[in-house]
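# What the coordinates show
Listed below, chain by chain, are the residues.
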Amino acid sequence: MKFTPTTLKDVIIIEPDVFDDSRGFFMETFHIDKFAEAGLPTEFLQDSHSHSKMGVLRGLHFQAPKEQGKLVRVASGAIYDVVVDIRRGSPTFGLWVGFELSATNNLQLWIPKGFAHGFCVLSKTADVIYKMDRTYAAGESCAILWNDTDIGIEWPIEIPLVSTADRQAPPLRDAQHLPEYEK
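Description of the structure in this document. (Residues numbered from 1 in each chain as written. Predicted model: local features only at pLDDT ≥ 70, side-chain atom pairs only at ≥ 80, totals over all residues. Heavy atoms only, no water.)

Helix and strand content of the protein chain: two helices and 14 strands. A compact globule built from 183 residues would reach a C-alpha radius of gyration of about 16 Å, and the protein chain, at 16 Å, matches this within 12%. By its C-alpha atoms, the protein chain is 50 × 40 × 30 Å across when sized along the principal axes. The buried share among the 183 residues of the protein chain stands at 47%. Counting only contacts in the protein chain whose residues sit at least 6 apart along the sequence, the fraction spanning at least 24 positions is 77%. By element, 51% of the accessible surface of the protein chain is carried by carbon and sulfur atoms, the whole surface being about 9,700 Å². Separation between the mean location of the 18 positive side-chain charges and that of the 25 negative ones in the protein chain comes to 3 Å. (Helix = DSSP H or I, 4+ residues; strand = E, 2+ residues; numbered from the N terminus. Rg over C-alpha atoms; globule rule 2.2 N^0.38 Å. Buried < 20%, exposed > 50% of the residue type's maximum accessible area, 1.4 Å probe, protein only. Contact = heavy atoms within 4.5 Å. Areas by Shrake-Rupley, 256 points an atom, 1.4 Å probe, with all protein chains shown as cover. Lys, Arg positive; Asp, Glu negative; His and termini not counted. Charge placed at Lys NZ, Arg CZ, Asp CG, Glu CD.)

Here's what the structure looks like:
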């Protein structure tokens, strides 16, 4: 397993070892000792699965005040996955990174607490699997506007399918319940 830092502190790309042969493949998506050695969480409290069709854009989501860290991977299809630093006082506040995650490249993305997350579907459909270090709390579900011009995410689709709630989310400058940066 290879752990690669991104330009946003503590956001990590994880590349599992994949063993292919004529029967198919095998890969380890989580290993407690390897995650611990990389400084990542080793206790996950909830797994979730989303299925979306091409053009769907979900996000930008976070949970507050009980923040969540997420380990994201794609079981089928392909997505463009985006992470935004929303920690007030952070040197990278409002900056974003984006990566293609797919069932072909097998990459995973660790999104720590203090970051908003979203993705758009690039394939006919996509199945996204999440491991979270805290359980989902409906009353603490928050969002920021997916196309906030101050953030300037370069989404690879022109006309996404976005939920009403995500279309009505505030821009980052008006968002409530943003976490504080801890050095």
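Attention now goes to the side chain of Asp 166. You can see Asp 166 is positioned in helix α2 (residues 164-167). Despite its burial, Asp 166 pairs with no opposite charge, the nearest such side chain being Arg 58 at 6.8 Å. A polar atom in the side chain of Asp 166 sits 2.8 Å from the side chain of His 61. Among all residues touching Asp 166, those that are not within four sequence positions of it are Leu 57, Arg 58, Gly 59, His 61, Ala 143, Leu 145 and Trp 146. (Salt bridge = Lys/Arg side-chain N within 4 Å of Asp/Glu carboxyl O. Polar contact = N/O pair within 3.5 Å; in protein donor to acceptor, adjacent residues only side chain to side chain.)

The next thing to look at is the nonpolar core. The tendency in soluble globular proteins is for nonpolar side chains to be buried side by side. Ranked by size, the top nonpolar core spans 21 residues in total, and within it Leu 60, Phe 62, Val 84, Ile 86, Ile 144 and Trp 155 carry the most contacts. Of all elements in the fold, only β6 (56-63), β8 (78-85) and β11 (115-121) reach the threshold of two or more residues within this core. Residue contacts for Leu 60: discarding those within four places in its chain leaves Val 82, Val 84, Ala 116, His 117, Gly 118, Cys 142, Ala 143, Ile 144, Leu 145, Trp 146, Ile 153 and Trp 155. Judged by nonpolar contacts, the second largest core, of 20 residues, contains Val 56, Ile 79, Val 83 and Tyr 130. (Core = buried A, V, L, I, M, F, W, Y, C linked by side-chain atoms within 4.5 Å.)

In this section: the sheet that holds strand β7 (residues 70-76). In spatial order, the strands read β1-β2-β10-β7-β12-β5; together these six strands make up an open sheet with antiparallel pairing. Because the sheet does not close on itself, it has two edges, and the strands there are β1 (2-5) and β5 (46-53). Adjacent strand axes in the sheet meet at a mean angle of 25°, parallel and antiparallel pairs treated alike. Strand direction decides the pairing type here: β7 and strand β12 (residues 125-132), joined by six bridges, are antiparallel. Bridge pairing links Ser 76 to Asp 127 in β12. (Pairing = 2+ DSSP bridges. Axes fitted to C-alpha atoms, helices over the stretch in contact; angles between N-to-C directions.)

Before going further, it helps to examine the environment of Glu 43. Tracing the sequence through the fold places Glu 43 in the loop between α1 (32-37) and β5. In sequence terms Glu 43 and Met 132 are 89 residues apart; their C-alpha atoms lie 8.6 Å from each other.

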